[in-house]
Amino acid sequence: MSDKVTVPLLDLKAQFATIKDEVMAVVEEVFDSQYFILGPNVVKCEELIAEYCRCKHAVGVSSGSDALLIALMAEDVGPGDEVISTPYTFFATAGAIARLGAKPVFVDIEADTYNIDPSKIEEKITDKTKAIIPVDLYGQCAEIAAIAKIAEKHGIPVIEDAAQAIGAEENGQRAGSTVQYGCFSFFPSKNLGAAGDGGVVITQDDDLAERLRVLRMHGSKPKYYHKFVGGNFRLDALQAAVVSVKLAHLDDWTAGRQSNADRYRRLFGDAGLVSDGTVGLPQVAPNRRHIYNQFVIRVPKRDELRAYLGENNVATEIYYPVPLHLQECFAYLGHKPGDFPESEKAAVETLALPIYPELSDQQAARVVECIAEFMSKE
Ligand SMILES: *Cc1c(COP(=O)(O)O)cnc(C)c1O
């Protein structure tokens, strides 16, 4: 095969080329209206997202990070409180907890799905626990039903960090729709990305939805009267309009990602890299719809492999190289290496391969070919 084939991690330009006319038409409408914050485009986007997620309410916010923050604020989380989550996630999950002065309490992940291990949650619940934040990592739902059961027993809300998992399902139910809050991100590189920052919180609860709507406007209701302190967590009309256009394509893009995942599984199998245990493929837990925000493999000599792929114009990424309990900013929590062994192991062994919908047969084959080449040299 030609070593001229280059494989980016993501090709947003290729995707934009297929929807440019639709997107630019709504962008022009927004500019013509000069209505830039909240307003009809945001309302429409919220309705579409709620329908897509099979949830009663969707509240557009300024980012996925702010979706987590506002959900915690809606639960009055603050100093002295504890919030349970995983150390193997994007920083924002624990960052939101810490920003409110609460303590992130970590629970290790399961080795096969990289999601929080429900069997280890209950032992961490105290009378200070104000919420549990499971993360649907890489586009696969955590064991939300099991986690919700534990949470309910203790009267604690669940805030599902579904920033990587719009449209993912557990037991036929959409990510975020079965718990108190489902938080999503429209960061441009996510499966459903805006033209800037954006996010949404979904909920089935009328009162929580109303509270979120007030919180995102500085707690103001009516205007200029504040019963509590919120923030500026509003979604832009421009982002909402772009997301509304792109949402209509999401199922096609997801199907593309899923067929790329199948293709990788075939190619790695054919190369003999799975049966000999060299490459650990993503495991799909029972009753899940995995939407492959990422396709993450486990390999020996991960960093050398990544460097080799880079030299061969195959882009990859590490999500995430340092588990959160070992981040400098959380040193005050007093954790040490060995506290969360599965998270630490994943941080050194995992590698995300290009899985974007527009990836060609030739590009996927090139990725696997390069990995096989590297492994044969070892
Ligand atoms: C992307 C992401 C976020 C944050 O979303 P932003 O829109 O970038 O603020 C939070 N949690 C997880 C798991 C993410 O992947």
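Rules and cut-offs
Residues numbered from 1 in each chain as written. Predicted model: local features only at pLDDT ≥ 70, side-chain atom pairs only at ≥ 80, totals over all residues. Heavy atoms only, no water. Helix = DSSP H or I, 4+ residues; strand = E, 2+ residues; numbered from the N terminus. Expected span 1.5 Å × (residues − 1). Buried < 20%, exposed > 50% of the residue type's maximum accessible area, 1.4 Å probe, protein only. Arc of directions from axis to C-beta. Near = heavy atom within 4 Å. Polar contact = N/O pair within 3.5 Å; in protein donor to acceptor, adjacent residues only side chain to side chain. Areas by Shrake-Rupley, 256 points an atom, 1.4 Å probe, with all protein chains shown as cover. Contact = heavy atoms within 4.5 Å. Pairing = 2+ DSSP bridges. Axes fitted to C-alpha atoms, helices over the stretch in contact; angles between N-to-C directions. Parallel < 35°, antiparallel > 145°, perpendicular 65-115°, else oblique. Left-handed = near helix turned anticlockwise from the far one by under 90°. Nonpolar A, V, L, I, M, F, W, Y, C, P; charged D, E, K, R; others polar. Patch = residues over 30% accessible without salt bridge, like charges linked within 9 Å, V, L, I, M, F, W, Y side chains within 5 Å. Salt bridge = Lys/Arg side-chain N within 4 Å of Asp/Glu carboxyl O. Phe/Tyr/Trp six-rings, centres within 6.5 Å; stacked < 30°, edge-to-face > 60°.

Draft legend 1. How the structure looks around helix H2 (residues 40-52). A rise of 1.5 Å per residue sets the reference length of H2, with its 13 residues, at 18 Å; its end C-alpha atoms lie 18 Å apart and thus fit the reference within 8%. Listed as buried for H2 are Val-42, Cys-45, Glu-46, Ile-49, Ala-50 and Tyr-52. The buried side chains of H2 occupy one side of the element, clustering within an arc of 160° when seen end-on. Turned more than 90 degrees away from the buried face of H2 sit Pro-40, Glu-47 and Glu-51, all of them exposed. With its phi angle positive at about 50°, Arg-54 sits one or two positions after the end of H2.

Draft legend 2. How the structure looks around the site of the ligand. In the region of the ligand, 16 residues are neighbours, and Gly-64, Ser-65, Asp-161, Ser-185 and Lys-190 sit closest. Gly-64 is positioned with one of its backbone polar atoms (N or O) 2.8 Å from an oxygen atom of the ligand. Taken by itself the ligand offers 380 Å² of open surface, and the protein chains cover 93% of this. For the shell around the ligand, the secondary structure elements donating two or more residues are helix H3 (64-74) and helix H4 (92-99). A per-element tally of the shell around the ligand places H3 first, with three residues.

Draft legend 3. Looking closely at helix H7 (residues 237-247). Where burial is concerned, most of H7 is hidden: 10 out of the 11 residues are buried. The elements touched by buried residues of H7 are helix H1 (12-33), H2 and helix H8 (250-270).

Draft legend 4. The arrangement of the sheet that holds strand E2 (residues 82-85) in detail. Taken together, the three strands give an open sheet; going across it, the order is E3-E2-E4, and neighbouring strands pair in parallel fashion. Either end of the sheet is taken by a strand with one partner, and the two such strands are strand E3 (103-106) and strand E4 (129-133). With direction set aside, neighbouring strand axes in the sheet form an average angle of 30°. Bridge analysis of E2 against E3 gives four bridges, and the strand direction is parallel.

Draft legend 5. Examining the sheet that holds strand E6 (residues 169-170) more closely. With antiparallel pairing, the three strands of this open sheet are ordered in space as E7-E6-E10. Across the chains shown, the open sheet's two edge strands, defined by having one partner strand only, are strand E7 (173-174) and strand E10 (288-289). Pairing geometry for E6 and E10, over two bridges, is antiparallel. What sits directly across from Glu-169, in E10, is Arg-289.

Draft legend 6. View of the packing of H1 against H7. In the contact formed by H1 and H7, the axes pass within 9 Å of each other and the chain directions differ by 140°. With respect to H7, the element H1 is oriented oblique. Where H1 crosses over H7, the two elements pack in a sense that is right-handed. For the pair formed by H1 and H7, the contact residues are Gln-15, Ile-19, Glu-22, Val-23, Val-26, Val-27, Val-30 and Phe-31 on the first element and Ala-237, Leu-238, Ala-241, Val-242, Val-245 and Lys-246 on the second. Grouping the constituent residues of the contact of H1 with H7 by class yields 11 nonpolar, one polar and two charged.

Draft legend 7. Expanded view of a nonpolar patch on the surface. Together, Phe-31, Phe-36 and Ile-37 line one region of the surface with nonpolar side chains, adding up to about 250 Å² of accessible area. Position of Ile-37 among the secondary structure elements: in the loop between H1 and H2. Since its relative accessible area comes to 39%, Ile-37 is described here as partly exposed.

Draft legend 8. Seen up close, the packing of aromatic side chains. In this structure the tally under the stated criterion is 13 aromatic pairs. Ring plane angle 40° and centroid distance 6.0 Å describe the contact between Tyr-88 and Tyr-114, whose orientation is recorded as tilted. Linking Tyr-88 in the loop between E2 and H4 with Tyr-114 in the loop between E3 and E4, this pair joins segments that are 26 residues apart in sequence. When sorted by exposure, Tyr-88 lands in the same class as Tyr-114, which is buried.

Draft legend 9. Highlighting the packing of H8 against helix H11 (residues 361-377). The interhelical angle for the contact between H8 and H11, taken along N-to-C directions, is 40°, at an axis separation of 10 Å. In terms of orientation, H8 lies oblique with respect to H11. When you trace H8 past H11, the crossing you get is right-handed. Contacts between H8 and H11 involve Arg-263, Tyr-264, Leu-267 and Phe-268 from the first element and Asp-361, Ala-364, Ala-365, Val-367, Val-368 and Ile-371 from the second. Residue composition of the contact of H8 with H11, grouped by class: eight nonpolar, no polar and two charged.

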